[in-house]
Amino acid sequence: MFSKGTLFIAQQCPRYVKFSSASKPKTAILMLNMGGPQHIDQVHDYLHRIMTDRDVIQFPFAQNVIGEWIAKRRTPEVQKKYQDIGGGSPILKWTRLQGDLLCKKLDKEHPETAPHKPYVGFRYASPFTEEALEELKKDGVERAIVFSQYPQYSCATTGSSLNVVYKYFRDNGFPDGLKLSIIDRWSVNPLLAQCFAHLIRKELALLPDDVRKEAIILFSAHSLPLKAVNRGDSYPSEVGCTVQLVMWDLQYCNPYQLVFQSKVGPLPWLGPFTDESVKSYAKQGKKAILVVPIAFVNEHIETLHELDIELIEDAKKAGIEIIRRVPAPNDHPLFIEALVDLVKHHLRSKLPVSPKLINRCPHCDSPRCIESKQWFAQNCKL
Ligand code: FES
């Protein structure tokens, strides 16, 4: 709010008004994602936060003790991986860029809610979601859109981040008059599918003529413990939707398969696994594979190390002659258009929160989910 003195200057000087309104954001776009360590000395804390997050993994007892034990044990190996990709995760760089490009376009294409300001809220690394919410509160925005950067919803990813949003407002108070709404899933956004299809076409064109038609398009997504799948997590079906839309756009030009990567620990996870599938395809006599990180919107350790280094090495050893990886969407213009399209659509919709988000998985017994979903149902407003 303007003070009396400020209001007087503003009335006398239109240029002051222009500067003042442009500097104060009206609409916050909170970009939620998991984040990643910026330096290798942050790896331990990052792993510790993941392993002690009960929305991701539930140990039968002593979550903090077992989580810390695993984090400590895995730190050197994971540090080495970050070292191999340049010493840190690029996820912050990409998310900031995506947020800036999104808000610049929104200011032009949706001036009614401008100025828009992006806030990055990571779950396991700085800048944390709580820090972003603190900043957003200080800025005194009128409206906040919580925008999950996981296109396909999972209780272990978007759900976990939303539980943090709920907890922050519960413990720190909810600003009077703030209009809060959520974009929780967008696996079927046509521009997202077009972006992936465009990136795939580009890579297919680089393959030698004699293998182009037979190359297997291998859509690789992060896996999930089978326990979560059987609880009713919608992630597998949502990833499947994105795959089908992309293949529809490509007119089913090649053989394709959805596979899952990054399994951790001895418990059963959702398969088939990316590395094992590549080896099996090699045994079947397949020669060319194009890997598509279908559930990652920017590069990070799972693409730059697990796919680009480990998988390619395994594939070559197994006898695959050609294997290429399609880049993540990053700052691709079609991807930025997808983000703009989603927010514009959301701003015009009458749904501050989707009924699907308010509904729990059929076998969910998490007190965090019960509380947060009730809270979002009551407090999300347009
Ligand atoms: Fe899915 Fe709680 S685990 S809603």
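Scroll up for the structure.
Owing to the predicted nature of the structure, the values given are computational and were not obtained by experimental measurement.

**Side note on the packing of helix α3 (residues 43-51) against helix α4 (residues 63-84)**
Where α3 meets α4, the closest approach of the two axes is 7 Å, and the angle between their N-to-C directions is 140°. In this view, α3 runs oblique relative to α4, as classed from their interaxial angle. Between α3 and α4 the crossing geometry is right-handed. Contact residues: α3 offers Val43, His44, Tyr46, Leu47, His48 and Met51, while α4 offers Gln63, Asn64, Gly67, Glu68, Ile70, Ala71, Lys72, Arg74, Thr75, Val78, Gln79 and Tyr82. Here the contact of α3 with α4 is composed, by residue class, of eight nonpolar, seven polar and three charged.

**Some thoughts on unusual backbone geometry**
Trans peptide bonds make up the majority, and among non-glycine residues the majority have a negative phi. Looking along the chain, the bond that leaves Ser126 and enters Pro127 is cis, with omega of -5°. Mapping Pro127 onto the fold places it in the loop between β2 (116-122) and α6 (129-139). Following Gly271, the chain continues into Pro272 via a peptide bond in cis, with omega recorded as 0°. Its identity as a non-glycine residue notwithstanding, Tyr252 has a phi of 45°, on the positive side. Within the fold, Tyr252 resides in the loop between α11 (235-249) and β6 (256-261). Here Asn330, not a glycine, exhibits a phi torsion of approximately 45°, which is positive. Along the chain, Asn330 falls in the loop between β8 (322-325) and α14 (333-348).

**Let's talk about the sheet that holds β6**
Adjacent strands of a sheet pair through backbone hydrogen bonds, lying either parallel or antiparallel. Ordered by their spatial adjacency, four strands build an open sheet running β6-β5-β7-β8, and the pairing between neighbours is parallel. Two strands lie at the open edges of the sheet, namely β6 and β8, each paired on one side alone. Averaged over all pairs of adjacent strands, the angle between strand axes in this sheet comes to 25°, irrespective of strand direction. In the sheet, strand β5 (residues 216-222) pairs with β6 via six bridges, with the strands oriented parallel. Paired with Ile217 across the strands is Tyr256, a residue of β6. Seen against the sheet, helix α13 (residues 301-318) touches β5, β6, β7 (288-293) and β8 and runs at an angle of roughly 175° to β8.

**Quick notes on the pattern of salt bridges**
Enumeration over the complete set of coordinates arrives at 20 salt bridges. As a salt-bridge pair, Arg170 and Asp171 come within 2.8 Å of each other at their nearest N and O atoms. Owing to a relative accessible area of 43%, Arg170 belongs among the partly exposed residues under this scheme. Between Arg170 and Glu371 there is a salt bridge, with its nearest N and O atoms 3.4 Å apart. Of this pair, Arg170 sits in helix α7 (residues 158-172) while Glu371 sits in helix α16 (residues 367-379); the two residues are 201 residues apart in sequence, bridging distant segments of the chain. Linked through salt bridges whose partners overlap, the residues forming this network are Arg74, Glu77, Lys81 and Glu310.

**Quick notes on the packing of helix α8 (residues 190-205) against α11**
Viewed as axis vectors pointing N to C, α8 and α11 meet at an angle of 60°, and their least axial separation amounts to 8 Å. What the angle tells us is that α8 and α11 run oblique. Between α8 and α11 lies a crossing whose hand is right-handed. Residues Leu192, Ala193, Gln194, Phe196, Ala197, Ile200 and Arg201 of α8 form the contact with α11, whose participating residues are Thr242, Leu245, Val246 and Asp249. Residue composition of the contact of α8 with α11, grouped by class: seven nonpolar, two polar and two charged.

**Observations concerning the pairing of β8**
Burial along β8 is one-sided: Ile323 and Arg325 are buried, while Ile322 and Arg324, pointing the other way, are not. Inspection of the sheet shows β7 paired to β8 by four bridges, in the parallel sense. Note that in β8 the partner of Ala288 across the bridge is Ile322. Of the crossover connections in this fold, the one passing from β7 over α13 to the parallel β8 is right-handed.

Conventions we followed
Residues numbered from 1 in each chain as written. Predicted model: local features only at pLDDT ≥ 70, side-chain atom pairs only at ≥ 80, totals over all residues. Heavy atoms only, no water. Axes fitted to C-alpha atoms, helices over the stretch in contact; angles between N-to-C directions. Helix = DSSP H or I, 4+ residues; strand = E, 2+ residues; numbered from the N terminus. Parallel < 35°, antiparallel > 145°, perpendicular 65-115°, else oblique. Left-handed = near helix turned anticlockwise from the far one by under 90°. Contact = heavy atoms within 4.5 Å. Nonpolar A, V, L, I, M, F, W, Y, C, P; charged D, E, K, R; others polar. Pairing = 2+ DSSP bridges. Salt bridge = Lys/Arg side-chain N within 4 Å of Asp/Glu carboxyl O. Buried < 20%, exposed > 50% of the residue type's maximum accessible area, 1.4 Å probe, protein only. Right-handed = clockwise from strand over helix to strand, strands pointing away.

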